[in-house]
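# Coordinate inspection notes
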Amino acid sequence: ALADAHAAAEALAAACAAWDAAASTAGAAATAEQAAAQSAFEAAFDAWQRVEMMRVGPLASSLTAVGGADLRDEVYSWPVVNACRVDQETVEADWASADFFETNLVNVYGFDALEVLLYGGAENACATQVDINADGSWAALGADGVARNRASYAAAVSARIVADVTTIQDAWSPTGGDFAGSLAGAGGSTSDYETDISGLNAIFDAAFLAETLVKDEKVGWQSGETDCGLDDCGTLAEALLAGRSHHAVVANLAGFRAVFSGGDAGGLDDVLVSVGREDLAADLLSALDGADAAAAAVSSPLEGASQAELDALYAAVKAATDLLKGDVATVLGLEIPSEAAGDVD
């Protein structure tokens, strides 16, 4: 999954560099290169959405996970996003400085920021009292200036995405941090995991994102099944400008299937088979087939989908995750992630 994401990110960076080169001379007229960069963004974004379901070790939180290094947020920080901050940085034009990515918060780079640059157009998302509007600096750029700055900023951000995905790959590699070896050898003397079950539980925690991230946040916020904390949950929908929220869920479910089934190798389903619960593995995979079908049936971004489509998708994902957090956790003696321990859904 990381190899696929890296290849897609490299293609995205090349497309953004071409847009930057065209925009430096043609300004707002560089529409063909921008459209190509948008297409590359969609492919790279979908590839990353599979990785979203694999937050183990370096991709996971440094506060809660063994080997956690918060590297996921460096690449993509949704739902922590701020289009206005990206627009402010578009005016500031400081992305070429040596410490830009180290001194700024994650909401001004990564896929979420890049989406604003590629799809934001000549307008900004800031209120009238915010500096770039109040002092006239945005208006002073003009449409061509905004286009040139967005393209140049996008080239820098997309190159950083490639670098961050490379860092993650290195952290997993036997020639780098060898987190893969640590996870595979859980319970051994050279592993960061004290027991084999703790390593298995780390994989279960990643799979559990189908419950918390996909069902509760991505689908639940838009269907009304879960409370987003705002009057209009539509404003929290993923990839609003690019219109990719429904595609993101499809890719998330593919990532969940990869974690559960192990791809061509061993997965949680094989662990269930080894303890005589092949029926449970088959039931969850069948439920996941239903979730895939429900996601494929949503023909528009989630924030604009019909209530019937959203209800069907929520119910289908819930059918799979109920088995995961109920029977699978019980049979394998796994712990529910602490952030979801109080969930009674």
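First, a word on what this report is: a plain description of the structure on this page. Everything quoted here is computed from the prediction, not taken from an experiment. (Residues numbered from 1 in each chain as written. Predicted model: local features only at pLDDT ≥ 70, side-chain atom pairs only at ≥ 80, totals over all residues. Heavy atoms only, no water.)

### Brief notes about the packing of aromatic side chains
When we look at a pair of aromatic rings, we describe it by the centre distance and by the angle of the planes. Per the stated rule, a full pass over the model turns up 14 aromatic pairs. Residues Phe45 and Phe111 carry aromatic rings whose centres are separated by 6.2 Å and whose planes lie at 75 degrees to one another, so their mutual orientation is edge-to-face. Taken together, the residues span a long stretch of sequence, with Phe45 in helix 2 (residues 31–51) and Phe111 in helix 6 (residues 111–119) at a distance of 66 residues. Residue classification places Phe45 among the buried residues on the basis of a relative accessible area of 2%. Ring plane angle 5 degrees and centroid distance 4.9 Å describe the contact between Trp95 and Tyr153, whose orientation is recorded as stacked. Residue Trp95 is found in the loop between helix 4 (83–92) and helix 5 (100–103), and its partner Tyr153 is found in helix 8 (residues 137–172); the two are separated by 58 residues along the sequence. (Phe/Tyr/Trp six-rings, centres within 6.5 Å; stacked < 30°, edge-to-face > 60°. Helix = DSSP H or I, 4+ residues; strand = E, 2+ residues; numbered from the N terminus. Buried < 20%, exposed > 50% of the residue type's maximum accessible area, 1.4 Å probe, protein only.)

### Brief notes about the nonpolar core
Judged by nonpolar contacts, the single largest core of 95 residues is most densely connected at Phe41, Trp48, Phe111, Leu114 and Leu313. The contacts of Phe41, once residues within four sequence positions are left out, are Leu12, Phe111, Leu114, Glu115, Leu118, Tyr119 and Ala242. (Core = buried A, V, L, I, M, F, W, Y, C linked by side-chain atoms within 4.5 Å. Contact = heavy atoms within 4.5 Å.)

### A word on the pattern of salt bridges
A complete count under the given rule lists 19 salt bridges for this structure. We note a salt bridge from Glu74 to Arg160, for which the minimum N-O separation is 3.9 Å. Taken together, the positions of Glu74 in helix 3 (residues 71–75) and Arg160 in helix 8 put the pair 86 residues apart, joining distant regions of the chain. For Glu211, the salt bridge goes to Lys325, with nearest N and O atoms at 2.8 Å. With Glu211 in helix 11 (residues 209–223) and Lys325 in helix 15 (residues 307–332), this residue pair connects regions lying 114 residues apart in the sequence. Neither residue differs from the other here; Glu211 and Lys325 are each classed as buried. In the salt-bridge network here, residues are joined through shared partners; they are Glu52, Arg55, Arg72 and Asp73. (Salt bridge = Lys/Arg side-chain N within 4 Å of Asp/Glu carboxyl O.)

### Focus: the environment of Ala21
Checked against the element boundaries, Ala21 lands in helix 1 (residues 2–26). For Ala21 and Ala151, which are 130 residues apart along the polypeptide, the C-alpha to C-alpha distance reads 8.3 Å.

### Some remarks on the state of the cysteines
Taken as a whole and judged by the stated rule, the model has 2 disulfides. In this model Cys84 forms its disulfide with Cys126; the gap between the sulfur atoms is 2.0 Å. Measuring handedness by torsion sign, the sulfur bridge of Cys84 and Cys126 sits at about 105 degrees and is right-handed. Taken together, the residues Cys84 in helix 4 and Cys126 in the loop between helix 6 and helix 7 (131–134) connect sequence positions 42 residues apart. Judged by relative accessible area, which is 14%, Cys84 ranks as buried. (Disulfide = S-S within 2.5 Å.)

### A look at unusual backbone geometry
One can expect most non-glycine residues to show negative phi and most peptide bonds to be in trans. A cis amide bond links Trp78 to the next residue, Pro79, at an omega of 10 degrees. Structurally, Pro79 can be placed in the loop between helix 3 and helix 4. For Ala93, which is not glycine, the phi torsion reads 55 degrees and is therefore positive. Position of Ala93 among the secondary structure elements: in the loop between helix 4 and helix 5. Unusually for a residue other than glycine, Ala239 sits at a positive phi of about 50 degrees. Inspection of the secondary structure assignment puts Ala239 in the loop between helix 11 and helix 12 (245–261).

### As for helix 10 (residues 196–207)
Counted at 1.5 Å a residue, the expected span for helix 10 with its 12 residues is 16 Å, and the 17 Å between its end C-alpha atoms agrees. Buried positions along helix 10 lie against helix 9 (179–184), helix 11, helix 12, helix 13 (268–274) and helix 15. (Expected span 1.5 Å × (residues − 1).)

### Quick notes on the side chain of Ser158
Position of Ser158 relative to the elements: it lies in helix 8. From its side chain, Ser158 meets the backbone oxygen of Ala155 in a polar contact 3.1 Å long. If we ignore the near neighbours within four places in the chain, the residues touching Ser158 are Leu12, Ala13, Cys16 and Leu114. (Polar contact = N/O pair within 3.5 Å; in protein donor to acceptor, adjacent residues only side chain to side chain.)

### Side note on the environment of Leu324
Mapped onto the secondary structure, Leu324 falls in helix 15. A relative accessible area of 0% means that Leu324 is categorised as buried. Sequence separation of Leu324 and Leu284 is 40 residues, and the distance between their C-alpha atoms is 7.4 Å. Setting aside chain neighbours within four positions, we find Leu324 in contact with Phe204, Ala207, Phe208, Phe256, Leu284 and Ala329.

### So, the environment of Leu272
Inspection of the secondary structure assignment puts Leu272 in helix 13. Residues Leu272 and Asp231 lie 41 residues apart in sequence; the distance between their C-alpha atoms is 42 Å. Setting aside residues up to four positions removed in sequence, Leu272 forms contacts with Phe260, Arg277, Glu278, Leu280, Ala281, Val328, Val331 and Leu332.

### Observations concerning the packing of helix 2 against helix 12
Relative orientation of the contacting elements helix 2 and helix 12 amounts to 40 degrees, with a least axis distance of 7 Å. Here helix 2 lies oblique to helix 12, going by the angle between them. By crossing handedness, the relation of helix 2 to helix 12 is classed as right-handed. Contacts from Phe45, Asp46, Gln49 and Arg50 of helix 2 reach helix 12 at His247, Ala248, Ala251, Asn252, Ala254, Gly255 and Ala258. Looking at the contact of helix 2 with helix 12 residue by residue, the class counts come to 5 nonpolar, 4 polar and 2 charged. (Axes fitted to C-alpha atoms, helices over the stretch in contact; angles between N-to-C directions. Parallel < 35°, antiparallel > 145°, perpendicular 65-115°, else oblique. Left-handed = near helix turned anticlockwise from the far one by under 90°. Nonpolar A, V, L, I, M, F, W, Y, C, P; charged D, E, K, R; others polar.)

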